[in-house]
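Spelled out, the chains give:
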Amino acid sequence: MRILVYTQVTGYGGSRRLLLNLANHLAATHDVSFVTPPESAENAGGLLEILLPQIERLSLQQARHRRTFDVLLCHLPYGFEDWIQDPIFGRRVAVSMEIVERTRVALGPQHQPVFDAFLCLHSEQIRHFDDEFRRSRCFQLPLIDDVSFEPAFVRTRAVGCVGAPYKHSFGAMVDLLRRVSGVRQLRVYGHKPLWSIARHSPWRVRFRGLRPWLAGRLQYCGTSPDIRKIFESFDCLLHTPRVGNGTSIVVNNALACGKLVVLSDLPAYRRAYSGRAGVHFLPDVVDDLPGLFGRYDFDHYQGIIDDYRKRYDRAGALEAWQEAVLGE
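Residues numbered from 1 in each chain as written. Predicted model: local features only at pLDDT ≥ 70, side-chain atom pairs only at ≥ 80, totals over all residues. Heavy atoms only, no water.

A. Spatial organisation of the packing of aromatic side chains. Under the counting rule described, the total for this entry stands at 13 aromatic pairs. An angle of 70° between the planes, with centres 4.8 Å apart, marks the rings of Phe118 and Phe129 as edge-to-face. Of this pair, Phe118 sits in strand E6 (residues 117–120) while Phe129 sits in the loop between E6 and helix H4 (131–137); the two residues are eleven residues apart in sequence, bridging distant segments of the chain. Their ring planes at 85° and their centres at 5.7 Å tell us that Phe153 and Phe298 sit as a pair that is edge-to-face. Here Phe298 lies in helix H13 (residues 298–311) and Phe153 lies in the loop between strand E7 (138–140) and strand E8 (158–162), a separation of 145 residues in the sequence. Phe153 sits in the partly exposed class, given a relative accessible area of 30%. A connected cluster of aromatic rings, assembled from ring pairs, spans Tyr6, Phe69, Trp83 and Phe89. The ring of Phe293 has Arg155 sitting right over it, with the charged end atom 5.2 Å from the ring centre. The ring of Phe281 has Arg270 sitting right over it, with the charged end atom 4.4 Å from the ring centre. (Phe/Tyr/Trp six-rings, centres within 6.5 Å; stacked < 30°, edge-to-face > 60°. Helix = DSSP H or I, 4+ residues; strand = E, 2+ residues; numbered from the N terminus. Buried < 20%, exposed > 50% of the residue type's maximum accessible area, 1.4 Å probe, protein only. Lys NZ or Arg CZ within 6 Å of the ring centre and 35° of its normal.)

B. Main features of the sheet that holds strand E1 (residues 2–7). Across the sheet, which stays open at both edges, the seven strands sit in the order E3-E2-E1-E4-E5-E6-E7 with parallel pairing between neighbours. Every interior strand has two partners, whereas the edge strands, strand E3 (56–58) and E7, have only one. Taken over all neighbouring pairs, the strand axes of this sheet differ in orientation by 25° on average, direction set aside. Bridge count for E1 against strand E2 (residues 31–35) is five bridges, and the pairing is parallel. Pairing of Leu4 across the sheet is with Ser33, part of E2. Sitting on the sheet, helix H14 (residues 314–326) touches E1, strand E4 (69–75), strand E5 (89–96), E6 and E7, and the angle it makes with E5 is about 135°. (Pairing = 2+ DSSP bridges. Axes fitted to C-alpha atoms, helices over the stretch in contact; angles between N-to-C directions. Contact = heavy atoms within 4.5 Å.)

C. Summary view of empty space enclosed by the protein. A complete count under the given rule lists two cavities of 30 Å³ or more for this structure. If you add up the space inside the largest cavity, you get close to 60 Å³. Around the largest cavity, the lining residues are Leu76, Pro77, Val95, Ser96, Glu98, Arg104, Val105, Ala106, Leu107 and Phe118. When its residues are assigned to classes, the lining of the largest cavity shows seven nonpolar, one polar and two charged. Taken together, Val159, Leu176, Val180, Val183, Cys236, Leu260, Leu289, Leu292 and Phe293 make up the full set of residues lining the second largest cavity. Of the residues contributing to the lining of the second largest cavity, the split by class is nine nonpolar, no polar and no charged. (1 Å grid on protein atoms, 1.4 Å probe; cavity = no way out; pocket = protein on both sides within 12 Å on 5 of 7 lines; lining within 4 Å. Points joined across faces, edges and corners; volume = space filled by probe spheres on them. Nonpolar A, V, L, I, M, F, W, Y, C, P; charged D, E, K, R; others polar.)

D. Seen up close, the pairing of strand E12 (residues 260–263). Residues Leu260 and Val262 line one face of E12 and the alternating positions Val261 and Leu263 line the opposite face, and both faces are buried. Pairing of strand E11 (residues 236–239) with E12 involves four bridges; the strand directions are parallel. Along E12, the bridge assignment pairs Cys236 with Leu260. Each parallel crossover has a hand, and the one from E11 via helix H10 (residues 249–256) to E12 is right-handed. Bridging between E12 and strand E13 (residues 279–281) involves three bridges; their strand directions are parallel. Each residue of the ladder has a partner; that of Leu263, found in E13, is Phe281. Following the chain from E12 across helix H11 (residues 267–273) to the adjacent parallel E13, one finds a crossover that is right-handed. (Right-handed = clockwise from strand over helix to strand, strands pointing away.)

Next up, the structure:
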């Protein structure tokens, strides 16, 4: 089958990574093309070279004038585009991966007739559709993580924060560095500099963050398309967004790599990750942070990976997505 995958999102974010991993899986048995939106200079190349080695990349204009496609899979967080109704597409499938508490789902009931299927990660992303549409055409699917490799154990004595500014609490970063002297460095990965996270905090918190920043314990590391490089650079993920739907690709990647995970106290995260090896919640774990970090070793690392693999089937997740996309 000829399949066209399209997303309005650029950069290295989780939603785009999920689609790229899915496209790579589909390309093993189908003719897959990926439409790449115009990239800014810092985002060009890397991610696509890593995750799209065997997939043809097209511009939107090339895709629309080149040939017909059996399936269109589109991710439209910024709004519907009229070309999606073009008759060159046989089956049309939409996907939503946004956190609805901070980003309204752009596709509404008026778009239902256009799509043969609507895919989502969480039920909140489809609750605004008609009952019949939800029953017959909507499919809630598992995350597809990025870890298709054997992660290496590297003791770094560092903590990592990964993602957009809304996924971080500067106060939690500063408090962790104050409480846990054994943390040599807290490394922040994302497309926005550290000040874009710190500016939402009270001035007293920003002031307390000056000392670890000047001492080199608090460092902004930019972005990287290489998941291995990011997750090998720290022992513990600190992930403290103010809102969340539940499962998170950043958290799943960390667990798949055997990392400790410290999460904010969101009900959705409690439901998704309570009882998982290596997962701890703020404020429950505050007093035990020094011991938790100090005890982390190869046995903890391997135990976290083993527990994650018992609970998550990556091959099964990819097959579930393939069936929903192709209508099998």
